[in-house]
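An overview of the molecular structure
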Amino acid sequence: MRMDRHILWIDPAMGMAGDMFSAALIGLGAPSDELITAMQTAGEALGGVGVEARSVVLPDGRTARRIHVDVDTRSPLPIDDAPRHLTQALEATGVRGVYADFAQRALAILSQAERVAHGIEMQDPPGLSQVSLSIIGYAHTPYLDQAPYQPSQRQDRASDAFYIELAPAYAAGLTQLDTFTHIFVVSYLDRAPGYGMLVRPPWREGDEQYGLFATRSPNRPSPIGLTRTQMRRVEGNRIYTGPLDLYDGTPILDIKPFIRSIDGIESSRQDAPSSGNDGWLAGSDHLDVHRRGIPHDHPGGVQLHEAQDILLDLTGAAWGLQALKIDLGSVMCLSPVRVGGGTTGLTSHGRLPVPAPATRAILEEQHVPYQSGPVVAELLTPTGAAILAALSPMFVDRQQAEIPHVHTGAGLGHRVFDNHINVLQLALHH
């Protein structure tokens, strides 16, 4: 016996965000209270959250739903931790099978786009150009996957676990290097995933942000590392050193001797600078851990800065699709998708051009037809784009489409325009 298919039509002419999609599913008949409870359950795994759905009558007489999310503190989540949190949310809310797969697919699409966006979000200002540097060798350390930590002078000096192997052509340049007790190692941090100009250190309490150049974050426009370490001995083209805070295999750009009379913090010269201070890190327990050379974890990589909203939006979308028994193999979308224009609102990376870098990455990678306008504002969010891409819809020209309007639902956004309504429209054809 053939089951009736519940075919979903999507019209993102005036916006698509995660909360708008869930709100429109309520309009299609997904039980409101249960869907909101599912979203709240997903969000509460990362902290206090309140979710509420409200009905709004549009100027044309239709009823739309708008979802309001109130989050106590929007803390970033390491992107590699997000799938585990989503799995727990889906299990806790009873989302299974193809609908759980859809949510994980949307998260994977969004996560990949964020990785791409972190590498392209800041472009070189006019007049600046790139330079190329030679790799002279590679670091060898015990840190294969575990995050490296700052060297400790108290570690076992008999260990040969740390060394730098230069290309043989550079070996002659090591002559007399062993007359120094310490060296500076300049490295290329090849595992850095990208950067933003404002940083919220993952080990710093609170939400205060710091300028990238006021931090030691490895994620920089030019991801260069600088390490001072003990110079133990030279053997051929190898430099055996004290501990190095580098992953095994990190490219090395340069070696320079540490000269105490110049580089030391103590000097008898009258014009010598003060010994310096610890800046905003003063009193930090984490700084003390670095100073003492104690092994510890660094939550690294790209961060999902609106992680709580993303997890509850994806859970709400998957729960609503499951409740309505939507055929995920028969989703239609009117094209082109309208993305708006101008710049985004204030984000964790400042104001970004529309479509935002992560949104653009999804649209281009997933071959979603899109168009700017019809307003100067962000209409399509990264989460909205990820949901749309994960549904793998068939795109139909909106000028030629004949939608069987059996049942419709409208999800209202939070933007207000003079001549347009920020609303996502869905239609369900049985």
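Residues numbered from 1 in each chain as written. Predicted model: local features only at pLDDT ≥ 70, side-chain atom pairs only at ≥ 80, totals over all residues. Heavy atoms only, no water.

1. Some thoughts on the pairing of strand β5 (residues 137-140)
Test applied: We treat two strands as partners when DSSP finds at least two bridges between them. The numbering of helices and of strands both runs from the N terminus, where a helix is a DSSP run of H or I of at least 4 residues and a strand a run of E of at least 2.
By the bridge criterion, four bridges tie β5 to strand β6 (residues 163-166) in an arrangement that is antiparallel. Across the sheet, Y138 pairs through a bridge with E165, a residue of β6. Here β5 runs beside strand β12 (residues 251-257); their pairing, made up of two bridges, is antiparallel. Note that in β12 the partner of G137 across the bridge is I252.

2. What to know about the sheet that holds strand β11 (residues 238-241)
What counts is decided by this rule: Inter-axis angles, ranging from 0 to 180 degrees, are taken between N-to-C directions of lines fitted to C-alpha atoms, where helices are fitted over the stretch in contact.
With respect to topology, six strands assemble into a closed barrel ordered β5-β6-β11-β10-β7-β12, the strand pairing being antiparallel. Ignoring strand direction, the axes of neighbouring strands in this sheet form an average angle of 45°.

3. Thoughts on the pattern of salt bridges
How we decide: Salt bridges are counted wherever a side-chain nitrogen of Lys or Arg sits within 4 Å of a carboxyl oxygen of Asp or Glu. Three labels apply to residues, based on accessible area from a 1.4 Å probe with only protein chains included: buried if under 20% of the type maximum, exposed if over 50%, partly exposed otherwise in between.
With the rule as written, the count across this model stands at nine salt bridges. Two residues, R398 and D11, come together in a salt bridge whose shortest N-O distance is 2.7 Å. You can see R398 sitting in the loop between β17 (394-397) and β18 (407-416) and its partner D11 sitting in strand β1 (residues 7-11), a full 387 residues away along the chain. Among the residues examined, R398 registers a relative accessible area of 18% and is labelled buried. Here R238 ties to E165 by a salt bridge, and the two come within 3.6 Å at their closest N and O atoms. Placement of the pair is R238 in strand β11 and E165 in strand β6, with a sequence separation of 73 residues. On the basis of relative accessibility, which here comes to 27%, the residue R238 falls in the partly exposed class. Since its relative accessible area comes to 27%, E165 is described here as partly exposed.

4. Digging into the packing of helix α3 (residues 82-92) against helix α7 (residues 307-323)
How we decide: Oblique is the label for every angle not falling under 35 degrees (roughly parallel), over 145 degrees (roughly antiparallel), or within 65 to 115 degrees (roughly perpendicular). Each crossing is labelled by how the near helix is turned from the far one, with a counterclockwise turn of less than a right angle marking it left-handed and a clockwise turn marking it right-handed. Should any heavy atoms of two residues lie within 4.5 Å, those residues are counted as being in contact. Throughout, the ten residues Ala, Val, Leu, Ile, Met, Phe, Trp, Tyr, Cys and Pro are labelled nonpolar, Asp, Glu, Lys and Arg are labelled charged, and all others, Gly among them, are labelled polar.
α7 packs onto α3 with a crossing angle of 40° between their chain directions and a minimal axis gap of 10 Å. Taken together, α3 and α7 sit at an angle that is classed as oblique. At the point where α3 passes α7, the crossing takes the right-handed sense. Note on element contacts: α7 touches α3 through L311, L314, T315 and A318, opposite A82, H85, L86, A89 and L90. Of the residues belonging to the contact of α3 with α7, the class tally is seven nonpolar, two polar and no charged.

5. Regarding the nonpolar core
Note on soluble globular proteins: their nonpolar side chains tend to be buried together. What counts here: To qualify as a nonpolar core, a set must consist of buried Ala, Val, Leu, Ile, Met, Phe, Trp, Tyr and Cys residues joined through side-chain atoms within 4.5 Å.
Ranked by size, the top nonpolar core spans 71 residues in total, and within it L8, I10, F21, F102, L321, L391 and L426 carry the most contacts. F162, L174, I183 and I252 belong to the second largest nonpolar core, which has 17 residues in total.

Keep in mind that these numbers describe shape and distance, not what the molecule does.
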